[in-house]
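Coordinate analysis (summary)
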Amino acid sequence: VVSCRPAQVVILIGTNDVQAALTPDAMRETRTSKRLPEDPSLGWYAACIKEIVTRLHTAGASVALCSLPPIGQDLAAPVNIVVREANAELRRICEATGATYLPIYEHLVDLLASQGATRGPAWTGSWAPGVASLVEHFVLGRSYDAIALARGWILSPDGVHMDSTGAGIIADVVADWLERQSSTE
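Residues numbered from 1 in each chain as written. Predicted model: local features only at pLDDT ≥ 70, side-chain atom pairs only at ≥ 80, totals over all residues. Heavy atoms only, no water.

1. Remarks on the sheet that holds strand β4 (residues 100-102)
- Within the open sheet, the three strands sit side by side as β1-β2-β4. Their pairing is parallel. Each edge of the open sheet is held by one strand with a lone partner, namely β1 (8-11) and β4. Looking at each pair of strands side by side, their axes are set apart by 25° on average, direction ignored.
- Both β1 and strand β2 (residues 62-66) contribute to a ladder of four bridges, which runs parallel. The residue of β2 that forms the bridge with V9 is V63.
- Across the face of the sheet, helix α4 (residues 78-97) comes into contact with β2 and β4 while running at roughly 155° to β4. (Pairing = 2+ DSSP bridges. Helix = DSSP H or I, 4+ residues; strand = E, 2+ residues; numbered from the N terminus. Axes fitted to C-alpha atoms, helices over the stretch in contact; angles between N-to-C directions. Contact = heavy atoms within 4.5 Å.)

In structure tokens, the structure reads:
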């Protein structure tokens, strides 16, 4: 990315890091399967993100960090507690580096709250819903929106990946930041 000399960079990464840091088994499995030098943790995630931001700033790019979306719709679930902790780390990184914090989680939660869906379907930790949604989409030709609706999800066909509603909110927040960047140049 740095070799492309971008003026602006938007970063939305970390959902897999959150999932990997949930349990000792998930940590070990992820470390082994991804051949990582250490167990996944929020501390390591934050250090890596801060290094990425620093390198991009050194290359002259303006950087925006997107808060991580909720995983599943049960905002009280343990996974979403960790998502909020990761988002707090992202906010601290923005404060320390001058990057911009884009409140993706907050906008998505506002939509869920407006529909009374903050105690909706919980993420199970299984890859099965994701695989099933891919099969339904690519084999059966169903839209991700239809898959989400049939499963009782507001933003996602599987609790992790966005449907057009969730993706549209993310795109709007990012577009707003990019427009503000253009107007200040």
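Picking up after the structure, the text goes on.
2. What to know about the packing of aromatic side chains
- Taken as a whole and assessed by the stated rule, the structure comprises zero aromatic pairs.
- Directly above the ring of Y101 sits R91, whose terminal nitrogen or CZ lies 3.9 Å from the centroid. (Phe/Tyr/Trp six-rings, centres within 6.5 Å; stacked < 30°, edge-to-face > 60°. Lys NZ or Arg CZ within 6 Å of the ring centre and 35° of its normal.)

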